[in-house]
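Fold and geometry: a report
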Amino acid sequence: MTLDRTDIGAVIDAMYASISGPAGPRDWALSAQAFHPDSRQARTGVDAQGRPWIKIMDQSAYQADVEPFFAANSFYEVETARRVDVFGNMAHVWSVYEARTHPDDAEPERRGINSIQLYRDDEGRWSILNMIWDNERPGLTVPPL
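Here is a short report on the structure shown in this document. All of these numbers come straight from a predicted model, not from anything done at the bench.

1. Observations regarding the sheet that holds strand E5 (residues 110-120)
Taken together, six strands build an open sheet; the order of strands is E2-E1-E6-E5-E4-E3 and the sheet is mixed. Edge positions in the sheet fall to strand E2 (52-57) and strand E3 (76-87), since each has one partner strand and no second. Shown here is a sheet whose adjacent strand axes are inclined to one another by a mean of 20°, direction ignored. In this structure, strand E1 (residues 35-46) lies alongside E2, joined through six bridges in antiparallel fashion. Counted as the bridge partner of Arg-43 is Lys-55 from E2. Across the sheet, helix H1 (residues 8-19) touches E1, E3, strand E4 (90-100), E5 and strand E6 (126-135), and the angle it forms with E3 is around 155°. In the packing of helix H3 (residues 59-72) onto the sheet, the strands contacted are E1, E2 and E6, and the crossing angle to E1 comes to about 50°.

Below, the structure is given as structure tokens:
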């Protein structure tokens, strides 16, 4: 897949496409096109006592972290809403997602928000520099964008 990195929406769509699919390998080459080489991804949540935690990963650490899950499980993350703010060569995207084990599942396995920062280079190409996400849980519901 050729990615039009001059389009923020195409970069976000590629990020979702690279991790979604039936059990098996993911499109890490597409992911590498969407993410800046120095990017970071941060998964957040709360532990059993309700204390916040975070796991911060570069691209290779993220890939190593999720590959065993993707090898054994179908996973489809679908964007349901997006808000984009651009200022100069930076952009922020709020992206609401639903995760399913099959694209036709009536109810999502989980919902949450990806907070994504992008950088535009000297050739007008956008890439994801930072991404942090959290899932809905009791007491935390995705607000309308």
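2. Brief notes about the side chain of Arg-26
Residue position: Arg-26 is located in the loop between H1 and helix H2 (28-34). Glu-67 provides the closest opposite charge to the buried, salt-bridge-free Arg-26, at an N-O distance of 9.4 Å. A distance of 2.8 Å separates a polar side-chain atom of Arg-26 from the backbone oxygen of Ile-19. Looking at Arg-26, its side chain comes within polar contact range of the main-chain oxygen of Gly-21, at 2.9 Å. Apart from the residues lying within four places of it in its own chain, the contact partners of Arg-26 are Ser-18, Ile-19, Ser-20, Gly-21, Phe-70, Asn-73, Ser-74 and Phe-75.

3. Regarding the environment of Ser-39
Here Ser-39 is to be found in strand E1. Given a relative accessible area of 0%, Ser-39 falls into the buried group. Measuring from C-alpha to C-alpha, the distance between Ser-39 and Gln-117 comes to 9.6 Å, with 78 residues separating the pair along the chain. What Ser-39 contacts, discounting residues up to four positions off in sequence, is Met-57, Asp-58, Gln-59, Ile-128 and Leu-129. In terms of polar contacts, Ser-39 uses its side chain to reach the side chain of Gln-59, at 3.2 Å.

4. Side note on the side chain of His-36
Within the secondary structure layout, His-36 lies in strand E1. Within polar-contact distance, the side chain of His-36 engages the backbone nitrogen of Asp-38 at 3.0 Å. Residues contacting His-36, with those up to four places away along its chain left out, are Tyr-119, Ser-127, Ile-128 and Leu-129.

5. Re the packing of aromatic side chains
Evaluation of the coordinates by the stated rule reveals six aromatic pairs. With centroids separated by 6.2 Å and ring planes inclined at 80°, the aromatic side chains of Trp-28 and Tyr-62 adopt a geometry described as edge-to-face. Here Tyr-62 lies in helix H3 and Trp-28 lies in helix H2, a separation of 34 residues in the sequence. Arranged with centres 6.2 Å apart and planes meeting at 85°, the rings of Tyr-62 and Trp-133 form a pair that is edge-to-face. Of the two residues, Tyr-62 sits in helix H3 while Trp-133 sits in strand E6, which places them 71 residues apart along the sequence. The same class applies to Tyr-62 and to Trp-133, which are both buried. Following the ring pairs from residue to residue traces out a cluster consisting of Trp-28, Tyr-62, Phe-69, Phe-70, Phe-75 and Trp-133.

Cut-offs and rules
Residues numbered from 1 in each chain as written. Predicted model: local features only at pLDDT ≥ 70, side-chain atom pairs only at ≥ 80, totals over all residues. Heavy atoms only, no water. Pairing = 2+ DSSP bridges. Helix = DSSP H or I, 4+ residues; strand = E, 2+ residues; numbered from the N terminus. Axes fitted to C-alpha atoms, helices over the stretch in contact; angles between N-to-C directions. Contact = heavy atoms within 4.5 Å. Buried < 20%, exposed > 50% of the residue type's maximum accessible area, 1.4 Å probe, protein only. Lys, Arg positive; Asp, Glu negative; His and termini not counted. Salt bridge = Lys/Arg side-chain N within 4 Å of Asp/Glu carboxyl O. Polar contact = N/O pair within 3.5 Å; in protein donor to acceptor, adjacent residues only side chain to side chain. Phe/Tyr/Trp six-rings, centres within 6.5 Å; stacked < 30°, edge-to-face > 60°.

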